[in-house]
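# Examining the three-dimensional arrangement
For reference, the chains in residue letters:
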Amino acid sequence: RKEVEQDPGPFNVPEGATVAFNCTYSNSASQSFFWYRQDCRKEPKLLMSVYSSGNEDGRFTAQLNRASQYISLLIRDSKLSDSATYLCVVNQDTDKLIFGTGTRLQVFP
Amino acid sequence: DAGVTQSPTHLIKTRGQQVTLRCSPKSGHDTVSWYQQALGQGPQFIFQYYEEEERQRGNFPDRFSGHQFPNYSSELNVNALLLGDSALYLCASSFDGNTIYFGEGSWLTVV
């Protein structure tokens, strides 16, 4: 079983749509959680951290359920510029990041 | 303030050869980690250096080795290259558990 599992997609959605990505992790001792965005042939960039209380950054909302070991990302009012691969990431300790395979999003006009 | 810089950006090697990739961390960062990202996969943790020592290691063979210098820069060495080593190699730096920054990566093709 992979340590971090994501649906690889692709998710093809029209502009303005709401789209949700889910992720599960296997190590209950994991300490911190993130969503990274990766554009084609570029490095991953931090999109947002994920907290148990849930957190929002503009059109993006992230949630963590430690009991279910489940992380989600919701994107509202999708823009063409949101097209990218979204990586679910778990930090187990001392900055060792475990990445999912990524979920590809394509927003069309 | 320069971010994480990596070199070279692209390189092609032949099976059996050796390669060295280089990374300069973001200013003020003392921890460097290396990741391998194969096509269609997420990055996989190779190892991490802190205070010039390898602190953690992922599931990679001994052909993968590294080094950290007193100025915190780092090298990744891969010996006896295999076709399967073709990937994007990412360097990430951090300080004291704060935000981790990635370099743009080195694209390695083994033919």
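Notes on the structure follow.

Conventions adopted
- Residues numbered from 1 in each chain as written.
- Chains lettered and ligands numbered in written order.
- Predicted model: local features only at pLDDT ≥ 70, side-chain atom pairs only at ≥ 80, totals over all residues.
- Heavy atoms only, no water.
- Disulfide = S-S within 2.5 Å.
- Helix = DSSP H or I, 4+ residues; strand = E, 2+ residues; numbered from the N terminus.
- Buried < 20%, exposed > 50% of the residue type's maximum accessible area, 1.4 Å probe, protein only.
- Polar contact = N/O pair within 3.5 Å; in protein donor to acceptor, adjacent residues only side chain to side chain.
- Contact = heavy atoms within 4.5 Å.
- Pairing = 2+ DSSP bridges.
- Axes fitted to C-alpha atoms, helices over the stretch in contact; angles between N-to-C directions.
- Buried area = accessible area lost by both parts, 1.4 Å probe.
- Salt bridge = Lys/Arg side-chain N within 4 Å of Asp/Glu carboxyl O.

What follows deals with the state of the cysteines. Residue and element names in this part refer to chain A. Summed over the entire model, instances satisfying the criterion amount to two disulfides over all chains. Disulfide partner of Cys23: Cys88, at an S-S distance of 2.0 Å. Residues Cys23 and Cys88 are joined through a disulfide that is left-handed, its torsion about the S-S bond being -70°. Taken together, the positions of Cys23 in strand β3 (residues 19-25) and Cys88 in strand β9 (residues 84-91) put the pair 65 residues apart, joining distant regions of the chain. With a relative accessible area of 1%, Cys23 lands in the buried category.

Residue and element names in this part refer to chain B. Summarising the element assignment, Thr20 is placed in strand β3 (residues 19-24). At 2.9 Å, the side chain of Thr20 and the side chain of Gln18 are in polar contact. A polar contact is formed between the side chain of Thr20 and the side chain of Asn77, at a distance of 2.6 Å. The contacts of Thr20, once residues within four sequence positions are left out, are Pro8, Glu75, Leu76 and Asn77.

Here we take up the sheet that holds β3(A). All names here are of chain A. With respect to topology, five strands assemble into an open sheet ordered β1-β3-β8-β7-β6, the strand pairing being antiparallel. Here the strands that pair on one side only, and so sit at the sheet edges, are β1 (4-6) and β6 (55-57). Between one strand and the next, the sheet's axes are offset by a mean angle of 20°, whatever the strand orientation. Where strand β7 (residues 60-65) and strand β8 (residues 70-75) come together, six bridges link them in antiparallel fashion. Paired with Thr61 across the strands is Leu74, a residue of β8.

This brings us to the interface of chain B and chain A. Taken together, the contact pairs 22 residues of chain B with 18 residues of chain A. With both sides pooled, the region where chain B packs onto chain A buries about 1,600 Å², and carbon together with sulfur makes up 52% of that total. It is Gln56(B), Ile100(B) and Phe102(B) that lose the most area in chain B upon contact with chain A, and together they represent 29% of the buried surface on that side. On inspection of chain B and its partner chain A, the count reaches zero salt bridges. Linking chain B to chain A there are two residue pairs in polar contact (both at pLDDT 80 or more).

Moving on to the sheet that holds strand β7 (residues 64-68) of chain B. Residues and elements named next belong to chain B. The antiparallel open sheet is built from four strands, whose spatial order is β1-β3-β8-β7. Of all strands in the sheet, those with a lone pairing partner are β1 (5-7) and β7, marking the two edges. Within this sheet the neighbouring strands show an average axis-to-axis angle of 20°, counted without direction. In the sheet, β3 pairs with strand β8 (residues 74-78) via five bridges, with the strands oriented antiparallel. Bridged to Leu21 within β8 is Leu76.

Let us look at the pairing of β8(B). For a regular strand, side chains alternate in direction, first toward one face of the sheet and then toward the other. Residues and elements named next belong to chain B. Most of β8 sits out of view: five of its five residues are buried. Judged by which residues are buried, β8 turns out to be covered on both faces: Ser74, Leu76 and Val78 on one side and Glu75 and Asn77 on the other are all buried. Across five bridges, the pairing between β7 and β8 is antiparallel. Across the sheet, His67 pairs through a bridge with Glu75, a residue of β8. In this antiparallel pair of consecutive strands, β7 and β8, the connection spans five residues, and Tyr72 shows a positive phi of 80°.

Residues and elements named next belong to chain B. Mapped onto the fold, Gln6 is located in strand β1. On the accessibility criterion, Gln6 (12% relative accessible area) is buried. Linking Gln6 and Tyr101, residues 95 residues apart in sequence, is a C-alpha distance of 12 Å. A distance of 3.0 Å separates the side chain of Gln6 from the backbone nitrogen of Gly105, its partner in a polar contact.

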